[in-house]
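# Structure at a glance
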Amino acid sequence: MIDVVIAGGGPCGLTLAIELGRRGVRVLLVDPKPGTAFNPQANATQARTMEHFRRLGFAHEIRAQGLPADHPTDIAYFTRFARHELARLRLPTAAEAVRDIRARTGSWAVAELPHRVAQKFVEQTLLRHAQALPSNTIRHGWLLDDFVDRGDHVEAAVRPAAGGAPETVRSRFLVGADGARSFVRHRLGIAWEGETGVRRDFMGGRMLAVYLRAPTLGATMPHPRAWMHVTVNAERRTFMCAVDGRDEFAFHAALGDAEAGREWSADDARRVFAQAVGVELPIEVLSLGTWLAGHSLVARRFRAGNVFLAGDAAHLFTPTGGLGYNTAVEDAINLAWKLAAVVAGTGAEPLLASYEAERQPLAERNTAHARRFADSIGRFRASPALERDDDDGRAARAAASAYLLEHAKREFDIPGITLGGRYDGSPIVVADGIAPPPDEANRYVPSAVPGGRPPHAWLDDGRSLFDSFHREWTLLALGRTPPSTAPFENAAARLGVDLGVVRHADVALAALYEAPLALIRPDQIVAWRGGSSDDAGAVLARASGHAASRG
Ligand SMILES: Cc1cc2nc3c(=O)[nH]c(=O)nc-3n(C[C@H](O)[C@H](O)[C@H](O)COP(=O)(O)OP(=O)(O)OC[C@H]3O[C@@H](n4cnc5c(N)ncnc54)[C@H](O)[C@@H]3O)c2cc1C
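Note that the structure is a prediction, hence the values are computed from the model and not measured. (Residues numbered from 1 in each chain as written. Predicted model: local features only at pLDDT ≥ 70, side-chain atom pairs only at ≥ 80, totals over all residues. Heavy atoms only, no water.)

## Considering the site of the ligand
Inspection of the region around the ligand gives 31 residues, with D31, K33, Q119, D312 and Y325 positioned closest. Here G324 contributes a backbone N or O atom positioned 3.1 Å from an oxygen atom of the ligand. Measuring from an oxygen atom of the ligand, one finds a side-chain N or O atom of N326 at 3.0 Å. Starting from 1000 Å² of accessible surface for the ligand in isolation, the protein chains cover 85%. When contributions to the shell around the ligand are tallied by element, the ones reaching two or more residues are α1 (11–21), β2 (27–31), β8 (142–149) and α9 (324–344). Here the residues of the shell around the ligand are counted per class, giving 15 nonpolar, 12 polar and 4 charged. (Near = heavy atom within 4 Å. Polar contact = N/O pair within 3.5 Å; in protein donor to acceptor, adjacent residues only side chain to side chain. Areas by Shrake-Rupley, 256 points an atom, 1.4 Å probe, with all protein chains shown as cover. Helix = DSSP H or I, 4+ residues; strand = E, 2+ residues; numbered from the N terminus. Nonpolar A, V, L, I, M, F, W, Y, C, P; charged D, E, K, R; others polar.)

Right, dumping it as C-alpha cells:
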C-alpha cells in the first residue's frame, strides 16, 4: 500500500514528494514525460520559495543554477533589443544576493532573496532530492489513467505513457499536481472560476514561445546584459529571459489575431525574433510552441474526499509577476505536512479541510495580482512614434521610460506578495484579535500576527532565525524570562506532535514577535502567539488539526 499517489512531476509534485518523503510517507509519483522539463518555463524563484528551499537544505544548490553568479538580473525594456533602451530596473546578482543579505532590512528582511533561474534547472534539483528519499518512487514515462475514491482509500490506475497495461495502485490519498489541463480536476468535475480569454496588446492572447540559442545577440545589443528583456514597439511585443547567461534564451512574442491559429516553423521563429532584435541574427531553435496568456483561474474546490488538487491543476496564472510556479510550490508545502500527519495518525479531518481553506484564497489573491500586472504592461499602448528619430520620438520614449520603470517596480519588486501571503480565518490558525498589516504588493511589513510568515532576523551567531527552527513544529520562547513551555511540551507528547522548543534570550526578538511565545507550523507559518502557556493543550490541538474550529 502506498500512502500518497502524486500525478505530475512538475515543481508542485516534486516539492510534495520531497516534503512527504522526508517524513517517511510512502509516495508514488507518476509523470508521462521522460524526465524533468526541457523548456525553461518559469523564470523566477521568489524569496519565500527560496526560504522554503533553504529549510529543505538546498537553496544554495538552486542559487548556483541558471545565470552565472555575476550575471545582471536586471529587467530592461527596449524598443528593440538592438535599438533604444527605454528603462532598466536593477536587481542584485546571485553573488550580491548572498553577500548583502544580512544588511537588508524592512520589506527585504529575509533569509533568502529571490533568484532568477529557469524552472527547468529547479526541477532537476527537486528531482534529485525527491529521488534520494527511500520512501519515494518516481516513475517517469507513466501517467495516471483513472482513479476511484473508495472512502478510506483511493484506487488509481497508472500506465506507461507509451502504451501498455495499467497497474492498479491503492493509496490513502491522491494529489493531482498534473498541470493546467489536469486530468484529476476534469475527472472530479471541478470547474474553474475567474477570468479567461482576456485580450491585451501583450500578455493577453496567443503567445509564441521559442527556446533558442543566439550566440551573437550579446555582441549585437549595444546595452548592458539583463535577465528579463522586454520589447515595446508598435509592430510586435515580446519578452525574453536569459537562461544560461551565455547564449540560451526563452523568447515569447505576442501573436496577432490573424497569426494565432496557424502552425509555426523554425523559420517563422527566426523572423519574429529578428523583429524583436531589429536585425536578423543566426539562431538555433531548441523548441517551439504557443501558449495562451490571459488566464486568472482558480478551481472551485481544491479537494474532493481523499483527492487533492495543487499547483497549476488548481490555479492558472498569466505569468506576469512570476507567481504560478511559486504558488504551486507553496501549495505543496502547505499540503504535505497535513497529509503526513494524517498518514501518521497525528492529524485528522480539520487538517485536511484547512488545505482548501488556506490555499484557495491565496490563489485568488495571487492570480488577481498577476492580472493587474498584465493589465499594467499589456494595455500600455506602444505608439509608432517610439521608434522615430525626431522630437516626437524622443518625447514618446521619455514618456514610455517613465511609465515602464514604474511598472517594473510594481511587477518585479514584490515582497508584499511573496512574503505577505496569509491564512487569516483558517480553522487551524489561532487568531489573537490583532489586525495584520495591510496586504500590499510592493511592501511587506514583518508581523507575527498568527496566520502569516514568521518575522525573520539574523542571530548573533550569524545564523538565520529560521535555521534555528525545529524540523516540524517550533515553540519559540523569546526574551530573558519567557513563560514556562512545559504545558506545550506535555500537550505535544500527548498529541504525538513533534514539537521543539527553541529559546532565544534576545529581547529584540521578543519585541519583533510582540510576544514571548510563538508557535510555528512545519510550513513556517505562525499558528499562535501569546504571553502564557495556559491554553497550550487547546492551542496545539487546534493548530495541529485535532479539534474542529471554535471560530
Ligand atoms: C512563459 C511562461 C513563463 C512563466 N514564468 C513564470 C515565473 O517566472 N514564475 C512563476 O512562478 N511561474 C511562471 N510560469 C508558470 C509556471 O511554469 C507554472 O505555474 C508551473 O510549471 C506549475 O507547476 P506545476 O507543478 O503545478 O505544473 P506543471 O509544471 O505543469 O507540471 C505538471 C506535470 O503533470 C504531468 N502530467 C500531466 N498529466 C498527467 C497525468 N495524467 N498523470 C501524471 N502526470 C501528468 C505533466 O507531464 C507535468 O510534468 C510561467 C509560465 C509560462 C508559460
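## Brief notes about the environment of E235
Among the secondary structure elements, E235 is positioned in the loop between β13 (228–231) and β14 (238–242). Assessed through its relative accessible area of 47%, E235 is described here as partly exposed. When the C-alpha positions of E235 and S544 are compared, they lie 56 Å apart, and in sequence the two are 309 residues distant. If we skip the residues at most four places from it in the chain, E235 touches R80 and Q275. (Buried < 20%, exposed > 50% of the residue type's maximum accessible area, 1.4 Å probe, protein only. Contact = heavy atoms within 4.5 Å.)

## Description of the pairing of strand β4 (residues 75–78)
Successive residues of a regular strand alternate their side chains across the two faces of the sheet. By the alternation rule, side chains of β4 split into I75 and Y77 and A76 and F78, which are all buried. In the sheet, β4 pairs with strand β5 (residues 85–89) via 4 bridges, with the strands oriented antiparallel. Residue I75 lies in a different strand from β5, and its bridge partner there is L89. Hairpin connection between β4 and β5: a loop of 6 residues separates the two successive antiparallel strands. (Pairing = 2+ DSSP bridges.)

## Quick look at α9
Here α9 contains 21 residues, and its C-alpha end-to-end distance of 31 Å stays within 8% of the 30 Å for a straight helix at 1.5 Å per residue. Most of α9 sits inside the fold, with 19 of its 21 residues counted as buried. Of the residues one or two after α9, G345 is the one with positive phi, at around 85°. (Expected span 1.5 Å × (residues − 1).)

## Re the packing of aromatic side chains
Tallied over the full model, the rule gives 14 aromatic pairs. When the ring of F53 is compared with that of F58, the centres are 5.3 Å apart and the planes differ by 35°; the resulting orientation is tilted. Under the relative-accessibility criterion, F53 is labelled buried at 0%. An aromatic cluster is present here, built from F173, F302, F308 and Y355 joined pairwise through their rings. Of note, R102 hangs over the ring of W458, and the distance from its end group to the ring centre comes to 4.2 Å. Positioned above the aromatic ring of W142, the side-chain terminus of R139 is 4.3 Å from the ring centre. (Phe/Tyr/Trp six-rings, centres within 6.5 Å; stacked < 30°, edge-to-face > 60°. Lys NZ or Arg CZ within 6 Å of the ring centre and 35° of its normal.)

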